[in-house]
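Observations on chain architecture
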Amino acid sequence: MKCRKCDNKAVINMRQHKLALCSHHYLSWLPEKTEHFITKYKMFDRADRILVAVSGGKDSLVLWDVLQQLGYEADGLYIDLGIDGEYAYSEESKRYSDEFANSNNLKLIVAEVTKMEGASILKAASLTHRGKDKPCSICGLTKRHIMNRVGFEGNYDVLVTGHNLDDEAALLFGNALNWQVGYLARQGPVLDGNPNGFIKRAKPFCRFYERETAAYSLLRGIDYIYEECPSAVGAKSIYFKEILNQMEMDRPGTKLQFYLAFLRAKENGAFTSDPGLIETPLRKCDSCGQPTSSPDECAYCRMWGRVRERMEAN
Amino acid sequence: MTVRMILRKKVYEVKAGMTIRDAILKLDIMPESVLPVKNGELLTDDEILKDGDEIRLVAVISGG
Ligand code: SF4
Ligand SMILES: [Zn+2]
Ligand SMILES: [Zn+2]
């Protein structure tokens, strides 16, 4: 198969776009498209201070790389969750993030959950009801909180994450399956910030397939953590991705259409009349000062408070 | 001689002469979920497998 733009051998064929490209043209195609999405969805501009959530995985490292190439100034934020086990997942993913930052002369902020809160995610999960089956709920709450806090307190204009189309389509699939209208209304390439303490969020890769960001990292020689977090085994998101890929195999473009049609429906007001969307007034959490709708402490502080109580009791 | 295809820690053997895509389908792997790499080079899956080829399938699905 030949590259659409030159006579060289193609290295990737994107069936949904009927587009095959050689290495050279692919490495310029992906950043060009990224720039287009950044502008189209009004994510940020070159005057903005950008914080990239870096996990050591392919998507976030490729995103950081592409932002540099496009001339955006972006610092990284790595959250050390303290997840170990037979495979030192956190340690390894931090090593990849560090190496990338160092070799590209970039600033990486590291937030260590164990140091901040006195226990790792796994330890916290073992001590609370919320983490009974899986640490993912505690982990998600913790990551969202820390990202927002570091972003807001560091005066960043926007927090960007490496979510790709497969992530977004799987999330959409899960939300639609249960008609979680509130979640659907908030899902999209950009989530606006709020002067009360929520930083703006953006997902510049939300229209790239997972194999496209993976291909880019291989071609650019970006080393990333290939192993998964041990808790990802059996995750619903992976199950949904497999189902969507099954459809994609029979009908190329299904995943992309699913997401784009959703964005169009949303733009046309499909999810705005949800009563759940009426803003609950926000106030500052008594402990950390982050915005919350609860009368005293935010969900994060309450959860970690319980963990510390249990640790003391043990 | 046959063709070796490697996905994570699993090694599969397939016959030469078919396309990478057909081989992947034969192994019951979702073509969307992997990228074929030969000698460090990324390939499109219409490539015909030759005797002695060793293809690494890079898993691209991540989750959690
Ligand atoms: S799989 Fe679960 S525990 Fe692991 S990083 Fe993802 S959310 Fe956290
Ligand atoms: Zn080309
Ligand atoms: Zn709080």
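Cut-offs and rules
- Residues numbered from 1 in each chain as written.
- Chains lettered and ligands numbered in written order.
- Predicted model: local features only at pLDDT ≥ 70, side-chain atom pairs only at ≥ 80, totals over all residues.
- Heavy atoms only, no water.
- Donors = N, O, S within 2.8 Å, 3.2 Å for Na, K, Ca; no water.
- Tetrahedral: all angles 85-135°; square planar, octahedral: opposite > 155°, others 65-115°.
- Helix = DSSP H or I, 4+ residues; strand = E, 2+ residues; numbered from the N terminus.
- Contact = heavy atoms within 4.5 Å.
- Buried area = accessible area lost by both parts, 1.4 Å probe.
- Salt bridge = Lys/Arg side-chain N within 4 Å of Asp/Glu carboxyl O.
- Nonpolar A, V, L, I, M, F, W, Y, C, P; charged D, E, K, R; others polar.
- Patch = residues over 30% accessible without salt bridge, like charges linked within 9 Å, V, L, I, M, F, W, Y side chains within 5 Å.
- Areas by Shrake-Rupley, 256 points an atom, 1.4 Å probe, with all protein chains shown as cover.
- Lys, Arg positive; Asp, Glu negative; His and termini not counted.
- Charge placed at Lys NZ, Arg CZ, Asp CG, Glu CD.
- Buried < 20%, exposed > 50% of the residue type's maximum accessible area, 1.4 Å probe, protein only.
- Phe/Tyr/Trp six-rings, centres within 6.5 Å; stacked < 30°, edge-to-face > 60°.
- Lys NZ or Arg CZ within 6 Å of the ring centre and 35° of its normal.
- Pairing = 2+ DSSP bridges.

Residues and elements named next belong to chain A. Binding of the zinc ion (ligand 3) to the protein goes through Cys285 (SG), Cys288 (SG), Cys298 (SG) and Cys301 (SG), at separations of 2.3 Å. In this structure, the zinc ion (ligand 3) is surrounded by four donor atoms whose angles at the metal cover 105 to 113°, and the resulting shape is tetrahedral. All donors to the zinc ion (ligand 3) come from one chain, and their sequence spacing reads C-x2-C-x9-C-x2-C. Taken together, the positions of Cys288 in the loop between strand 9 (283-284) and strand 10 (291-292) and Cys298 in the loop between strand 10 and helix 12 (299-313) put the pair ten residues apart, joining distant regions of the chain.

Moving on to the interface of chain A and chain B. Each side of the interface is counted separately: chain A has 31 residues, and chain B has 24 residues. Between chain A and chain B, the buried area comes to about 2,400 Å², and carbon and sulfur atoms account for 56% of it. Area buried by chain A at its contact with chain B is led by Arg211(A), Tyr226(A) and Met249(A), which between them contribute 26% of it. One can count three salt bridges joining chain A with chain B. One salt bridge connects Lys255(A) with Glu32(B), and the closest N-O pair in it is separated by 3.4 Å. Where the side of chain A that touches chain B is concerned, the elements lending two or more residues are strand 1 (12-14), helix 2 (58-69), helix 9 (210-220) and helix 10 (236-250) of chain A. Counting residues per element, the side of chain A that touches chain B draws most heavily on helix 10 of chain A, which supplies eight residues. A class-by-class count of the residues in the side of chain A that touches chain B yields 15 nonpolar, four polar and twelve charged.

All right, on to a positive patch on the surface then. Residues and elements named next belong to chain A. Among the surface-exposed residues, Arg130, Arg144, Arg302, Arg306 and Arg310 lie close enough to one another that they form a single positively charged patch. Per element, the largest residue contribution to the positive patch is three residues, and it comes from helix 12. As for its placement among the helices and strands, Arg302 is situated in helix 12. Residue class for Arg302 comes out partly exposed when judged on its relative accessible area of 37%.

Residues and elements named next belong to chain A. Per the counting criterion, the structure on display carries twelve aromatic pairs over all chains. Between Tyr239 and Phe240 the ring centres are 5.9 Å apart and the planes differ by 40°, which places this aromatic pair in the tilted class. When its relative accessible area of 9% is taken as the criterion, Phe240 is described as buried. Chaining the aromatic ring pairs together yields one cluster made of Tyr26, Trp29, Phe37, Phe205 and Phe208. Above the plane of the ring of Tyr72 lies Arg46, whose end atom (NZ or CZ) is 4.2 Å from the centre. The lysine or arginine in question, Lys255, covers the ring of Tyr209, its NZ or CZ lying 4.1 Å from the ring centre.

Here we take up the sheet that holds strand 4 (residues 41-42) of chain B. Residue and element names in this part refer to chain B. Taking strand neighbours across the sheet as the criterion, the five strands line up as 2-1-5-3-4 in an open arrangement whose pairing is mixed. Looking at which strands have only one partner, the edges of the open sheet turn out to be strand 2 (10-14) and strand 4. Looking at chain direction, strand 1 (residues 3-7) and strand 5 (residues 54-59) are connected through four bridges and run parallel. Across the sheet, residue Leu7 finds its bridge partner in strand 5, namely Leu57.

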